[in-house]
Amino acid sequence: MQKNCMRFHMIKGDNHTILFCIIDIVSEKKIGIVGYLNTQPIHKKIEIGHIWIIPSFQRTYANTETNFLLLQYAFESLKYLRVTWKCHSNNINSRKSAERLGYKFEGTLRNHYLIKKVINGTEIIDKRNSDFLSIIDSEWEDVKKNLLEKLK
């Protein structure tokens, strides 16, 4: 694994969301944002989301290492049982990214959210279907091994 390539700086936190700025240690460049969402300590589960990485770091080690570190903390330090990933059903890149990281598709929540858009000055309400994926504690060691292999 590339050692110490990423570090995080917390930029927002509340009862259920913690957002981090992703910083590339080599360049000291702020390269993106990621968060723990929908934290539920009593049920030992959490979601990783709000992931955005600047274009020059997309399709590099940045997303893999960022997610590895967040997953490792969730499973090994917090001893959580489940980590989820949620994305818009139309966001094929996000779903493929989650699957590449080791998340397993669980299903789609239809009409999960209503999204307000403004197009040419006209407000439009759109329905969002959300794909849910997860990694559970019994899968973590295999997922960890695969991610470490990717980071070599």
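The structure we're discussing is the one just above.
Since this is a predicted model, take the numbers as computed values, not measurements. (Residues numbered from 1 in each chain as written. Predicted model: local features only at pLDDT ≥ 70, side-chain atom pairs only at ≥ 80, totals over all residues. Heavy atoms only, no water.)

## Some thoughts on the packing of helix H1 (residues 61-77) against helix H2 (residues 92-101)
Heads up, the rule is: Lines fitted to the C-alpha atoms define the axes, with helices restricted to the stretch that makes contact. Angles between their N-to-C directions range from 0 to 180 degrees. Starting at the N terminus, helices and strands are each numbered in turn, a helix being any DSSP run of H or I of at least four residues and a strand any DSSP run of E of at least two. For classification, angles of less than 35 degrees are called roughly parallel, those exceeding 145 degrees roughly antiparallel, those between 65 and 115 degrees roughly perpendicular, and all remaining angles oblique. Two helices cross in a left-handed way if the nearer one is turned anticlockwise from the farther one by less than a right angle. They cross in a right-handed way if the turn is clockwise. Every residue pair with non-hydrogen atoms within 4.5 Å of one another is taken to be in contact. Under the grouping applied here, Gly and all other residues not named as nonpolar or charged are polar, the nonpolar ones being Ala, Val, Leu, Ile, Met, Phe, Trp, Tyr, Cys and Pro and the charged ones Asp, Glu, Lys and Arg.
Following both chains from N to C, one finds H1 and H2 inclined at 60°, their axes separated by 11 Å at the closest point. Between H1 and H2, the angle falls in the class oblique. At the point where H1 passes H2, the crossing takes the right-handed sense. Between H1 and H2, the residues in contact are Asn63, Thr64 and Asn67 and Ser97, Arg100 and Leu101, respectively. The residue inventory of the contact of H1 with H2, partitioned by class, reads one nonpolar, four polar and one charged.

## Brief notes about H2
The condition that has to hold: Relative accessibility decides the category of a residue: with a 1.4 Å probe and only protein chains considered, values under 20% of the type maximum give buried, values over 50% give exposed, and everything between is partly exposed. In this context, the arc is that of the directions from the helix axis out to the C-beta atoms.
Three or more residues of H2 are buried, namely Ser94, Ser97, Ala98 and Leu101. For H2, the angular spread of the buried residues around the axis is 100°, confining them to a single face. Buried positions along H2 lie against H1, strand E5 (82-88), strand E7 (122-136) and helix H3 (140-150). Trailing H2 by a residue or two, glycine 102 shows a phi angle of about 115°, which is positive.

## Thoughts on the packing of aromatic side chains
Quick note on the threshold: Aromatic rings from Phe, Tyr and Trp, with only the six-membered ring used for Trp, were paired whenever their centres fell within 6.5 Å, and each pair was classed as stacked if the ring planes differed by under 30 degrees, edge-to-face if by over 60, and tilted otherwise. Both a distance and an angle decide whether a charge sits over a ring: NZ of Lys or CZ of Arg must be within 6 Å of the ring centre and within 35 degrees of the ring normal.
Evaluated as defined, the whole model comprises five aromatic pairs. Ring centres of phenylalanine 57 and tyrosine 61 lie 6.5 Å apart, and the angle between their planes is 85°; this geometry places the pair in the edge-to-face category. On the accessibility criterion, tyrosine 61 (22% relative accessible area) is partly exposed. In this structure an aromatic cluster arises from ring pairing among Phe68, Phe75 and Trp140. Directly above the ring of phenylalanine 105 sits arginine 95, whose terminal nitrogen or CZ lies 3.8 Å from the centroid.

## Quick notes on the nonpolar core
Threshold: For this analysis, a nonpolar core means a set of buried residues of the types Ala, Val, Leu, Ile, Met, Phe, Trp, Tyr and Cys, connected via side-chain atoms within 4.5 Å.
Counting residues in each nonpolar core, the largest one holds 29 residues, and the members touching the most others are Ile48, Leu71, Val83 and Tyr103. Of all the secondary structure elements, the ones that give two or more residues to this core are strand E2 (18-24), strand E3 (29-40), strand E4 (45-53), H1, E5, H2, E7 and H3. By residue number, the principal contributor to this core is H1, which donates six residues. Residues contacting valine 83, with those up to four places away along its chain left out, are Ile46, Ile48, Leu71, Ala74, Phe75, Tyr103, Leu133, Ser134 and Ile135.

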